[in-house]
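Spelled out from the first residue to the last, the chains are:
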Amino acid sequence: MKKILLLAAILLPMFAPATAGGSVPKSKITSFIYDCQRYEGVEVVQLGGLAAMALRASLRVAASDDPDVRAALKLITGIKRISVLNYENCEPAIQDKISRKLDRMLDGSDLLMETRDGDDLMQIYGVVDENNGTVRDFVLHNPTESSLICIFGSIPIEKLARVIADND
């Protein structure tokens, strides 16, 4: 997973001129994730604005001693909301239903990258802001492992690549 994220962070600036619009439907995805909680086997974690602010505050306290924590704090400063959907423990029919619905929702969004590692597929969506060097509304969909990670807000591409490279 780290290798895929590192590759994405390195290659995203090259795709910036090719991406022009196609924003991620944040409200649709957030609502869909909330609706998926009714299925047995679905696990959902959502951190809204208040939780993200609390996370940043706790990292500030811990950042004084640890350079890795300081780097993480710089990375998450622009993040407003994080949503994680894991549906690998659902029945196969429900997994397929959720994956198809997510594919339809993300169909009009900018697919920044699609990577394969054996049978594992990772689709990365978002909006690249080449002027600021950031990715907004970063969505990672892994239909193979039945998971979705949404990071709404902005992430500096250069800092993301640095953090991933340091942890590799």
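A quick note: this is a predicted structure, and the numbers were derived from the prediction, not measured.

Parameters and conventions
- Residues numbered from 1 in each chain as written.
- Predicted model: local features only at pLDDT ≥ 70, side-chain atom pairs only at ≥ 80, totals over all residues.
- Heavy atoms only, no water.
- Axes fitted to C-alpha atoms, helices over the stretch in contact; angles between N-to-C directions.
- Helix = DSSP H or I, 4+ residues; strand = E, 2+ residues; numbered from the N terminus.
- Parallel < 35°, antiparallel > 145°, perpendicular 65-115°, else oblique.
- Contact = heavy atoms within 4.5 Å.
- Nonpolar A, V, L, I, M, F, W, Y, C, P; charged D, E, K, R; others polar.
- Buried < 20%, exposed > 50% of the residue type's maximum accessible area, 1.4 Å probe, protein only.
- Pairing = 2+ DSSP bridges.

Novice: Which residues make up the packing of helix H2 (residues 26-36) against helix H5 (residues 92-106), and what are the values?
Specialist: Two numbers describe how H2 lies on H5: the axes approach to 11 Å, and their chain directions differ by 170°. As far as their axial angle goes, H5 and H2 are roughly antiparallel. Note on element contacts: H5 touches H2 through Ile-98, Lys-101, Leu-102, Met-105 and Leu-106, opposite Lys-28, Ile-29, Phe-32 and Cys-36. Of the residues belonging to the contact of H2 with H5, the class tally is 7 nonpolar, no polar and 2 charged.

Novice: If you had to explain the pairing of strand E4 (residues 120-129) to someone new, which residues and values would you point to?
Specialist: Working note: regular strand, side chains alternate between the two faces of the sheet. Counting buried positions over the 10 residues of E4 gives 10, a clear majority of the element. As judged from the 6 bridges shared by strand E3 (residues 111-117) and E4, these two strands associate in the antiparallel manner. Residue pairing in the sheet places Thr-115 in a bridge with Met-122 of E4. Linking E3 back to E4 in an antiparallel pair, the connection comprises 2 residues, with Gly-118 at a positive phi of about 70°. Summarising the sheet, E4 and strand E5 (residues 134-142) pair through 6 bridges and their orientation is antiparallel. The partner of Val-127 across the bridge, within E5, is Arg-136. Hairpin remark: E4 followed by E5, antiparallel, with 4 residues in the connecting loop; positive phi at Gly-133, about 70°.

Don't take any of this as a statement about function, it's just geometry.
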